[in-house]
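Residue-level structure breakdown
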Amino acid sequence: MKSLVRRGLRLTAGLALGACSALVELLFALLSGLALLLVQAWPRARGAVLRPVHRLARRLAEWERRRLAAYLGAESSSSYTPERALRYVAARGPLGLLGAVCLLCVLIGAAYGAYLFLGWFVSDVNSPSTVLFSGVAGLFLLFLALQGALAVGDLEKRLARHHLGPSEQEELQRRIEELAVSRAGVVDAVHDERRRIERDLHDGVQQRLVALGMLLGRALRGQDPQRREELLRQAHEESRLALGDLREVAWRVYPVALDEEGLGAALETVVERTSIPVRLEYEPQVEPDRPVATVAYFVVSEAVTNAVKHSRATSISVRLRLKETPGQLVVTVGDGGIGGAAPAGGGLGGLGRRAAPPRGAPVAHSPPGGPTLITAELPCA
């Protein structure tokens with residue numbers, strides 16, 4: 001409900017500002033048309049008039065782009081030509097005035113609709129049927145005006161996209177570039193993971209198995225029963241440590257708890273295994289899709305590992321929440337350490353490859369002296 005009210009207030013503010021700018025744009029279009037009409041027969045003079053006209057049209061278009069992004073959530077390209085900006089400004093004026101008419105009708109309908117409920121108490125009613133009819137008509141006008149305001153907001157987005165872009169070809173090209181970058185990042189991430197697993201197996205599990213084999217060999221060759229028993233005891237301890245290292249490697253490759261108990265339980269495992277205090281806030285009531293949950297898990301795991309290794313922090317905070325619009329799982333990891341993390345460094349670079357587009361690249365804010373805050377918004381159903 002709160003989200004719906006916020007969206008309504010933002011739409012109202014956006015249309016109100018659009019109505020004000022529409023008056024300026026209509027005046028601009030009228031004066032520009034007259035100026036260009038007067039110099040139509042002289043190409044040099046026409047070019048001299050077009051330059052300031054294009055410059056002003058682009059400024060007005062930029063204002064509209066910022067308004068649409070702030071209040072209507074509409075993104076448009078900034079690589080449009082001055083001619084397209086001029087056409088957009090000329091076409092948007094009437095639409096802005098239509099938005100003003102819709103808002104005015106909303107106010108009138110709300111006033112008459114409120115009179116249906118409050119008129120009996122604030123004034124003497126001589127004709128109840130008239131109050132009833134006007135109140136019902138006001139509510140109907142309110143309904144139509146709200147639908148009209150929503151339609152105007154949608155038309156605002158479509159008009160900006162049509163004139164300013166991006167076009168379907170530009171959008172497709174951007175998507176191809178994002179997928180190419182994402183594919184390269186995935187390949188690098190897989191290569192890094194493979195090298196890390198090989199290093200963990202070589203430096204950890206393999207060394208312990210070699211030591212285990214040596215202990216068993218010495219026990220087999222030994223003649224002293226007491227010494228042989230001591231060697232077997234050491235071999236048993238070494239086998240236990242080797243099994244622990246192997247479980248550690250397997251856990252870092254993929255946590256079993258993620259499949260069996262869900263993302264929340266898997267993150268609790270990360271908290272339990274971290275050497276410094278971690279405060280976990282897990283808000284989603286519904287389990288995210290498995291690909292999203294996997295990315296979220298590894299983002300948290302690697303961010304916490306980086307904080308432990310490099311931040312000198314005494315505590316870490318992890319928060320996961322669902323943003324209903326436009327359907328995103330927001331992952332936030334913060335620490336009170338020394339900051340200064342390089343976005344292109346190994347740790348944050350690995351995070352970027354984990355959550356590369358189309359999943360949602362993490363944003364790191366880590367000024368020198370701290371604190372460090374890493375946020376990743378992962379699209380989900």
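Along each chain, numbering runs from 1 in the same order as the chain's sequence is written. Note on the predicted model: pLDDT of at least 70 is required for a residue's local features to be given, and 80 or more for side-chain atom pairs to be given and counted; whole-chain, interface and lining totals, by contrast, use all residues. Side-chain numbers come from the whole structure's heavy atoms, not from hydrogens or water.

1. A few points about the overall build of the chain
Segments assigned H or I by DSSP are reported as helices when at least four residues long, segments assigned E as strands when at least two residues long, and all are numbered from the N terminus. Looking only at helices and strands, the chain has ten helices and five strands in total. The criterion used for residue contact is that any of the two residues' heavy atoms lie within 4.5 Å. In the chain, 70% of the contacts between residues at least 6 apart in sequence involve partners at least 24 apart. Summing over all exposed atoms, the chain offers an accessible surface of approximately 23,100 Å²; the carbon and sulfur share of this is 62%. Calculation of accessible area relied on Shrake-Rupley with a 1.4 Å probe; when residues are assessed, cover is drawn exclusively from the protein chains displayed.

2. Regarding the pairing of strand S2 (residues 316-323)
Where strand S1 (residues 278-282) lies against S2, five bridges are found, and the strand directions are parallel. For Tyr282, the partnering residue across the bridge sits in S2 and is Leu320. Seen with the strands pointing away from the viewer, any crossover whose path from the first strand over the helix to the second strand runs clockwise is right-handed. The β-α-β motif built from S1, the intervening helix H9 (residues 290-311) and the parallel element S2 has left-handed crossover chirality. When DSSP finds two or more bridges between two strands, those strands count as paired.

3. Topic: the sheet that holds S1
Within the open sheet, the five strands sit side by side as S1-S2-S3-S5-S4. Their pairing is mixed. With one partner strand each, in any of the chains shown, S1 and strand S4 (363-365) form the two edges of the open sheet. Across the sheet, the mean angle from the axis of one strand to that of its neighbour is 10°, orientation sign disregarded. Where S2 lies against strand S3 (residues 328-335), eight bridges are found, and the strand directions are antiparallel. Bridge assignment links Leu320 to a residue of S3, and that residue is Val331. Axes here refer to lines fitted to C-alpha atoms; in helices the fit is confined to the stretch in contact. Angles between the N-to-C directions go from 0 to 180 degrees. Strands in contact with helix H8 (residues 263-273) are S1, S2 and S3; relative to S1, the strand with the most contacts, it is inclined by about 175°. Packing of H9 onto the sheet brings it into contact with S2, S3 and strand S5 (372-379), and relative to S3 it is tilted by some 10°.

4. Concerning the environment of Pro82
Considering the arrangement of structural elements, one finds Pro82 in helix H3 (residues 82-122). Exposure classes here rest on a 1.4 Å probe applied to the protein chains alone. A residue is buried below 20% of its type maximum, exposed above 50%, and partly exposed in between. The class of Pro82 is partly exposed, set by a relative accessible area of 33%.

5. Examining helix H4 (residues 128-164)
Expected span, for any helix, means 1.5 Å times one less than how many residues it has. The end-to-end C-alpha distance of H4 is 53 Å, a good match for the 54 Å that 37 residues give at a rise of 1.5 Å each. Phi turns positive one or two residues past the end of H4, at Gly165, with a value near 90°.

6. Focus on the nonpolar core
Leu263, Leu320, Leu329 and Val331 are the most contacted members of the largest nonpolar core, which totals 29 residues. Apart from residues no more than four positions distant in its own chain, Val331 is found in contact with Ala296, Val299, Val300, Arg319, Leu320, Ile374, Thr375, Ala376 and Leu378. Among buried residues, the Ala, Val, Leu, Ile, Met, Phe, Trp, Tyr and Cys ones that are joined through side-chain atoms within 4.5 Å form a nonpolar core. Within the second largest apolar cluster, 22 residues are counted, among which are Leu11, Val53, Ala57 and Ala85.

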